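Chain and residue survey
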Amino acid sequence: MIKLLFLTLLTSNLIFATACKGVQRLEYMPIQDNQPQATNPIIWADVPDPAIIRVGDTYYMASTTMHMKPGLPIMRSKDLVNWEIVSYAYQILADSESFRLENGKNEYSRGTWAPSLRYHNGTFYASTHSFSTGETYIFSTTDIESGKWKKTAFTPAHHDQSLFFDDDGRVYMIYAGGNIRIVELLPDVSGIKPGGLNQIIIPNAGLVAASDLMLHAEGSHMLKHDGKYYVFNITWPRGGMRTAIVHRAANLTGPWEGRVILQDRGIAQGSVIQTPDGRWYAYKFRDYGAVGRIPYLIPMKWVDGWPVLGTNGVVPDKLDIAVKNINASGIVATDEFSRRLGDNSLPLAWQWNHNPDPNFWSLSQRRGFLRLTTGRVDDNVLQARNTLTQRTFGPESSVMTAIEITNMKDGDYAGLMLLQARYGFVGVKRENGALSIVKVSNESGKTVELANVPINQYRVYLKIECDFKNRADRAYFYYSIDDRTWVPIGPPLQMEYTLEHFMGARFGLFNFATQAPGGFVDFAFYRVSDVITVGR
């Protein structure tokens, strides 16, 4: 396999060189011999609940981020295949014990869900909701790539909402599960309009797929096409798979009629989009084990006023777009932690696990290193503050780092982890003045130290490799004392996607104290690859 050309970070905002090369305009069939051809999945990484718009010849996509900060990422593409992160709608959603991982509280599987993305009269709108705060949020900006976002919040939290601007200037949200509802907003989207439209529009929407449902209809996306309104949802018949459905009506209040539009491998929730030359595609995700929910691009056409997805009902593995996938290259990044003096910024691929504490991490206290300092005592790594994360990706991915551990205190743990409910990590432990490399696993739901190798040096190298091929979902852990010879440590981790975190596995750099705060470690680099050594 040819490695992705990961570019060492030169400034805080650079992404991979391959991402820059890969983002180009659409080129359509027929695909000629020796031409590249886009393939599904579009991105083999966790990009759930995709919401897409097009402005001119540029596409923008928003996605769910749950408990990660910053949140609500905005990605850009010229070809619907290759994406790069250009912005986040918010840095911190709210400040509370659970968002700060204090007193045993957390926001795992909560935070913000299922955004919608709109462009109206020169302004971009990214909307979402949070059951953590009980609020609906609308973020707006005139510059989606580098501008500041204005936050508007109101109650209640509208589940899986879709912001919709109608031709007459009125604005609505379509939301809820099972019974799909509509509510009219004030013209400035600052809240619900008193006396405005507010009712169920599609009762028991999932019944168009089956009478016995494991998941009632949700994940609404609203579209107006040729004078009619369309609401796209997902549902899940018991004993079946995630299913994409659509309802249409000539008026917002109905009557609505619906049908199933896709039942293939559980590919379901997401948006539809039209290209500049008039072609249509759907962009929906598929649950794919521990790596998360991965997006697929689906050809779409209109037949008798209904959207028809796929080729004979099947999502194709190859697409009629003459570009080569860069996979996750635009949303993950190698980082050498080299910064200009005074620059403490991070590339957009990084997200913190919950709200970070800026007092206890730094890229400037020691130039060329990421310093993580313990600011309190915690029971386990899932409650540790300032764990810095990036996505894993398939079919294979690996990360290596070097860590300097001179200033650890007794009871401290620091290293490289796979962040998920059933986590695993390889790291360094200091106990009674002695240092050792440890492999720790929570695969069974109980934290267990599975290997311990005493050391007497102050720089070690750590690596994790992930195999997501055919949903193997296996992770392998290594250490090195000389940056040349890699030694496996402990058994592999059988990764698992759980509703406890509701997110694909992430690589993470961490440091936490179990006895006394104040110890610190320095990470020298974070290097990503799409090649692993297991089985080679």
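Up top you'll find the structure we're talking about.
In this text the structure is predicted, and so the values were computed from the model without any measurement.

**Remarks on the overall build of the protein chain**
- Check the secondary structure of the protein chain and you find one helix and 36 strands.
- In terms of overall dimensions, the protein chain is globule-like: its C-alpha atoms have a radius of gyration of 23 Å, near the 24 Å expected for 536 residues.
- The C-alpha extent of the protein chain, read off along each of the three principal axes, is 75 × 60 × 50 Å.
- By residue count, 61% of the 536 residues in the protein chain fall in the buried class.
- Summarising the internal contacts of the protein chain: among those between residues at least 6 apart in sequence, 61% fall at separations of at least 24.
- Surface summary for the protein chain: the accessible area is close to 20,200 Å², and the carbon and sulfur share equals 48%.
- Averaged over its 54 positive side-chain charges, the protein chain has a centre that lies 1 Å from the centre of its 52 negative ones.

**Re the pairing of strand β12 (residues 180–185)**
- β12 sits mainly inside the fold: five of its six residues count as buried.
- Pairing of strand β11 (residues 171–175) with β12, which is carried by five bridges, proceeds in the antiparallel orientation. Bridge pairing in β12 links Met173 to Val183.
- Bridging between β12 and strand β13 (residues 198–202) involves four bridges; their strand directions are antiparallel. Each bridged residue has a counterpart across the sheet, and for Ile182 the counterpart in β13 is Gln199.

**Points about the nonpolar core**
- Residues Trp83 and Leu418 are the most contacted members of the largest nonpolar core, which totals 88 residues.
- Among the elements that take part in this core, strand β20 (residues 293–303) stands out by supplying six residues, more than any other.
- Formed by 19 residues, the second largest nonpolar core is a distinct cluster that contains Leu72, Ile74, Ala89 and Tyr90.

**Some points on the sheet that holds strand β29 (residues 434–441)**
- Read from one edge of the open sheet, eight strands run β3-β22-β25-β35-β27-β28-β29-β30, paired in antiparallel fashion. Bordering the open sheet on either side are β3 (68–69) and β30 (448–455), each of which pairs with just one other strand.

**A few points about the side chain of Thr128**
- Along the chain, the position of Thr128 falls in strand β7 (residues 123–130).
- Not counting the four nearest positions on each side in its chain, Thr128 is found in contact with Leu72, Thr112, Trp113, Ala114, Pro115, Thr136, Tyr137, Phe139 and Gln161.

**Looking at unusual backbone geometry**
- In the segment running from Asn40 into Pro41, the intervening peptide bond is cis, with an omega of 0 degrees.
- Relative to the helices and strands, Pro41 resides in the loop between α1 (17–22) and β1 (51–55).
- The omega angle of the peptide bond from Thr155 to Pro156 is -5 degrees, so this bond is cis rather than trans.
- With respect to the helices and strands, Pro156 occurs in the loop between β9 (150–154) and β10 (162–165).
- Here the phi dihedral of Leu101 falls at roughly 55 degrees; this positive angle occurs in a residue that is not glycine.
- On the basis of relative accessibility, which here comes to 1%, the residue Leu101 falls in the buried class.

**Section: the sheet that holds strand β4 (residues 71–77)**
- If you trace the four strands from one edge of the open sheet to the other, you get β1-β2-β4-β5, paired in antiparallel fashion. If you trace the sheet from one side to the other, it starts and ends with β1 and β5 (84–90), each paired once. Across the sheet, the mean angle from the axis of one strand to that of its neighbour is 25 degrees, orientation sign disregarded.

**A short note on the environment of Lys439**
- For Lys439, the position within the fold is in strand β29.
- Under the relative-accessibility criterion, Lys439 is labelled buried at 1%.
- Separated by 405 residues in the primary sequence, Lys439 and Asn34 have C-alpha atoms spaced 46 Å apart.
- Of note is the side chain of Lys439, whose polar atom sits 2.6 Å from the backbone oxygen of Pro491.

**Concerning the pairing of strand β6 (residues 113–120)**
- Alignment of β6 against β7, held across six bridges, turns out to be antiparallel. Residue pairing in the sheet places Arg118 in a bridge with Tyr125 of β7.
- As consecutive antiparallel partners, β6 and β7 are separated by two residues, and within that stretch Asn121 has a phi angle of approximately 50 degrees, a positive value.

**As for the pattern of salt bridges**
- Evaluation of the coordinates by the stated rule reveals 33 salt bridges.
- With its nearest N and O atoms 3.1 Å apart, the salt bridge here joins Asp166 to Lys224. With a gap of 58 residues between them, Asp166 in the loop between β10 and β11 and Lys224 in strand β14 (residues 213–225) connect regions that are remote in the sequence.
- Counted as one network, the salt bridges with shared partners bring together Arg366, Arg371, Glu404, Arg459 and Asp522.

Criteria and cut-off values
Residues numbered from 1 in each chain as written. Predicted model: local features only at pLDDT ≥ 70, side-chain atom pairs only at ≥ 80, totals over all residues. Heavy atoms only, no water. Helix = DSSP H or I, 4+ residues; strand = E, 2+ residues; numbered from the N terminus. Rg over C-alpha atoms; globule rule 2.2 N^0.38 Å. Buried < 20%, exposed > 50% of the residue type's maximum accessible area, 1.4 Å probe, protein only. Contact = heavy atoms within 4.5 Å. Areas by Shrake-Rupley, 256 points an atom, 1.4 Å probe, with all protein chains shown as cover. Lys, Arg positive; Asp, Glu negative; His and termini not counted. Charge placed at Lys NZ, Arg CZ, Asp CG, Glu CD. Pairing = 2+ DSSP bridges. Core = buried A, V, L, I, M, F, W, Y, C linked by side-chain atoms within 4.5 Å. Axes fitted to C-alpha atoms, helices over the stretch in contact; angles between N-to-C directions. Polar contact = N/O pair within 3.5 Å; in protein donor to acceptor, adjacent residues only side chain to side chain. Salt bridge = Lys/Arg side-chain N within 4 Å of Asp/Glu carboxyl O.

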